[in-house]
Amino acid sequence: MSSAATDPPILQHRSTPDEPFDGKPPFEPWGRYPKYNATVVPLTWQTDYPGVIEQNEGMPAGALPVGMGRSYGDVCLLKGGHLLVTTGMNRLLHFEPETGLLTCEAGVTLAQILDFAVPRGFFLPVTPGTKYVTIAGAIANDIHGKNHHVAGTFGNHIAQFEIVRSDGTRIHCSPTNNPDWYSATIGGLGLTGLITWATLRLKPIVSRLVDYEGIQFHGIDEFLDLTNQSKDIEYTVSWIDCASNGRNFARGRDAYEVAQCNLCHRVGNAGGSVGPDLTAISSRYQRRDILSSIIEPSKVVSEQYMNTAFRLKNGDTVVGRVVEENNNRIIVQPDALKPDRVEVKLADLEVRKLSPLSPMPEGLVNVLSKDEILDLMAYLEAGGRRDHPDFSQ
Ligand SMILES: Cc1cc2nc3c(=O)[nH]c(=O)nc-3n(C[C@H](O)[C@H](O)[C@H](O)COP(=O)(O)OP(=O)(O)OC[C@H]3O[C@@H](n4cnc5c(N)ncnc54)[C@H](O)[C@@H]3O)c2cc1C
Ligand code: HEC
């Protein structure tokens, strides 16, 4: 594929998530707007700036640091200026396991920090939705994570850093040393100078396990109530589920029959009993797990519902549900949807064991369209109730 010669050279970076800013103009932020030309100045050493600019005399004045360019807006762009690309300044400098204090150069990414810290039992105090950002970018945008209500912004965990001004002055900043520069640089969008290195306070990992609770809510009032009740929960996140309202009740109920679910499952007060009653399924499982048990029934099968497999002395096998058994024969129903029975004589039997395959056939929903499947999911989630919010418009 090639583009016409007149097309502007569109930036091709970030075809993989961890690709750094590639240095080819015009530059665009993560949100792909706007695009500006600039003079790229890759930095390798903490002492490169501002000397490196003076060597480029005749270029437009002004310089702005840029890390991984992951900002949604234009804060990492400088129209016609010098972009000081920091990703070459990517060295870890010092770590104190007693305090969790990690010092590194400005262009070190959070991904790099995690690779170093997690095996040592430490984690980032604040993590954004991507780890492919630099520590200085995280400081300059004072980023937040899903634990914002507990931990505050990234800047709360920065013990100290150094900035270099365009006149070459170096300022050591901490809450007690040049506190004004410290505060102005955290969230300062790169406008107070170039951060060369910073010290971040990592937090100890107390367990490899995470307690998780998923709570469904309907509407902003319930959401705000839940948010208030969740103040002590360390990480919270919520999203609007675009699949869960405006679903069609009648089509969901029809899909339940068309796909034959009703032959084996009960929802409300109708349906078969070959499989578990699905009326309260949404209180037991997340939607994702419900869908997975429909698409891959054999992935998890509870023992109570397992079929039994019999190998006979003549080499034949019989698999099915045991409907009756006594001291000399077992009656097996091979297909839950058909009344046919097979008799296995104990005298003919060689091996008997539980079958890992679910009695529920695969591919049942293949006869349904995507919308019908979503309506079926809503029907299950509603426990067959027409007045469920999933069906509100
Ligand atoms: C998928 C995705 C999910 C995200 N999720 C979140 C989220 O949950 N929370 C959140 O807060 N943000 C989030 N962001 C935004 C991202 O965390 C910030 O934009 C972050 O600042 C990007 O860092 P960067 O290294 O790419 O910086 P850049 O975008 O390159 O630069 C950001 C700012 O930092 C300045 N800067 C860079 N290096 C230096 C330096 N050495 N000295 C001084 N200033 C410097 C730049 O001038 C610019 O103003 C997300 C972004 C993406 C793409
Ligand atoms: C031939 C009978 C049969 C049919 C038809 C059938 N199922 Fe099942 N289903 C079962 C059995 C038996 C189980 C329990 C064993 C297992 O987990 O696979 C089960 C398990 C499930 C589970 C997991 C329930 C739990 O509590 O673990 C869900 C959800 C489910 N079925 C949904 C459906 C839906 C939706 C349909 C229609 C598209 C359907 N089933 C059709 C027999 C059937």
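These figures come from a predicted structure and were not determined experimentally.

J.: Sorry, what's going on with the site of ligand 1 here?
T.: Around ligand 1 sit 29 residues in total, of which G67, G129, G137, A140 and G190 are the nearest. Elements that contribute at least two residues to the shell around ligand 1 include exactly β2 (63-66), α3 (135-140) and β9 (194-201). Residue contributions to the shell around ligand 1 peak at four residues, all from α3. Here the residues of the shell around ligand 1 are counted per class, giving 17 nonpolar, 11 polar and one charged.

J.: Would you take a moment to explain helix α7 (residues 249-258) for this structure?
T.: Residues three or four positions apart in an α-helix share a direction because the helix packs 3.6 residues into each turn. Along α7, the residues that are buried comprise G252, R253, A255 and Y256. One side of α7 carries all its buried residues, which in axial view fall inside an arc of 155°. More than 90 degrees from the buried face of α7, the exposed residues found are A250 and E257. Packed against the buried residues of α7 are α8 (261-264), β11 (266-267) and α11 (370-381). Note on α7: the residue one or two positions beyond its end, Q260, has a positive phi of about 70°.

J.: Whenever I open this one, the sheet that holds strand β5 (residues 101-105) confuses me. Can you help?
T.: Pairing between the strands of a sheet is mediated by backbone hydrogen bonds and can be parallel or antiparallel. Strand order across the open sheet formed by five strands is β4-β5-β9-β7-β8, with antiparallel pairing between neighbours. Only two strands of the sheet have a single neighbouring strand rather than two, namely β4 (92-96) and β8 (170-173). On average, each strand axis in the sheet is tilted by 10° relative to the strand beside it, whichever way the strands run. For β4 and β5, the ladder comprises four bridges, and the chain directions are antiparallel. The residue bridging F95 from the neighbouring strand is L102, located in β5.

J.: Could you clarify how one ought to interpret helix α2 (residues 110-117) in this entry?
T.: Listed in full, the buried residues belonging to α2 are L110, I113 and A117. The buried residues of α2 occupy an angular sector of 55° when projected down its axis, which confines them to one face. Residues of α2 that are buried sit in contact with β5, β6 (122-123) and α3.

J.: Can you help me understand the environment of A347 in this one?
T.: Mapping A347 onto the fold places it in the loop between β16 (342-345) and β17 (349-354). Separated by 42 residues in the primary sequence, A347 and P389 have C-alpha atoms spaced 57 Å apart.

J.: Any chance you could explain the environment of P179 here in plain terms?
T.: One can find P179 in helix α5 (residues 179-185). Sequence separation between P179 and Q160 is 19 residues; the distance between their C-alpha atoms is 10.0 Å.

J.: Where do I start with the domain arrangement of the protein chain in this structure?
T.: Much of the literature gives interface size as the accessible area that the parts lose upon coming together. For the protein chain, the assigned domains are domain 1 (9-217), domain 2 (249-300 + 362-391) and domain 3 (307-354). Distance between the C-alpha centres of domain 2 and domain 3: 30 Å.

J.: How should the nonpolar core be read in this particular structure?
T.: For soluble globular proteins, nonpolar side chains are generally found buried alongside one another. One finds L83, L84, I135, I139, F161, I195 and A198 to be the most contacted residues of the largest nonpolar core, which totals 47 residues. Elements represented by at least two residues in this core include exactly β2, β3 (82-85), β5, α2, α3, β7 (158-164) and β9. Once residues lying within four places of it in the same chain are set aside, the contact partners of I195 are A106, A136, I139, F161, I163 and T185. Listed in part, the 15 residues of the second largest apolar core include C264, V267, M377 and Y379.

J.: Would you explain unusual backbone geometry in this entry?
T.: Residues other than glycine predominantly adopt negative phi, and peptide bonds predominantly adopt the trans conformation. Residue P34 is bonded to the preceding Y33 through a cis peptide linkage, with omega at -5°. The residue P34 is located in the segment before β1 (39-42) in this model. In this structure, P50 follows Y49 across a cis peptide bond, with omega equal to 5°. Mapped onto the elements, P50 comes out in the loop between β1 and α1 (51-54). In this structure, D142 is a non-glycine residue whose phi angle is positive, near 40°. Relative to the helices and strands, D142 is located in the loop between α3 and α4 (148-151).

Conventions used here
Residues numbered from 1 in each chain as written. Chains lettered and ligands numbered in written order. Predicted model: local features only at pLDDT ≥ 70, side-chain atom pairs only at ≥ 80, totals over all residues. Near = placed C-beta within 6 Å. Helix = DSSP H or I, 4+ residues; strand = E, 2+ residues; numbered from the N terminus. Nonpolar A, V, L, I, M, F, W, Y, C, P; charged D, E, K, R; others polar. Buried ≥ 20, exposed ≤ 12 C-beta atoms within 10 Å, placed from the backbone. Arc of directions from axis to C-beta. Contact = placed C-beta atoms within 7 Å. Pairing = 2+ DSSP bridges. Axes fitted to C-alpha atoms, helices over the stretch in contact; angles between N-to-C directions. Domains from an automatic or database assignment. Core = buried A, V, L, I, M, F, W, Y, C linked by C-beta atoms within 7 Å.

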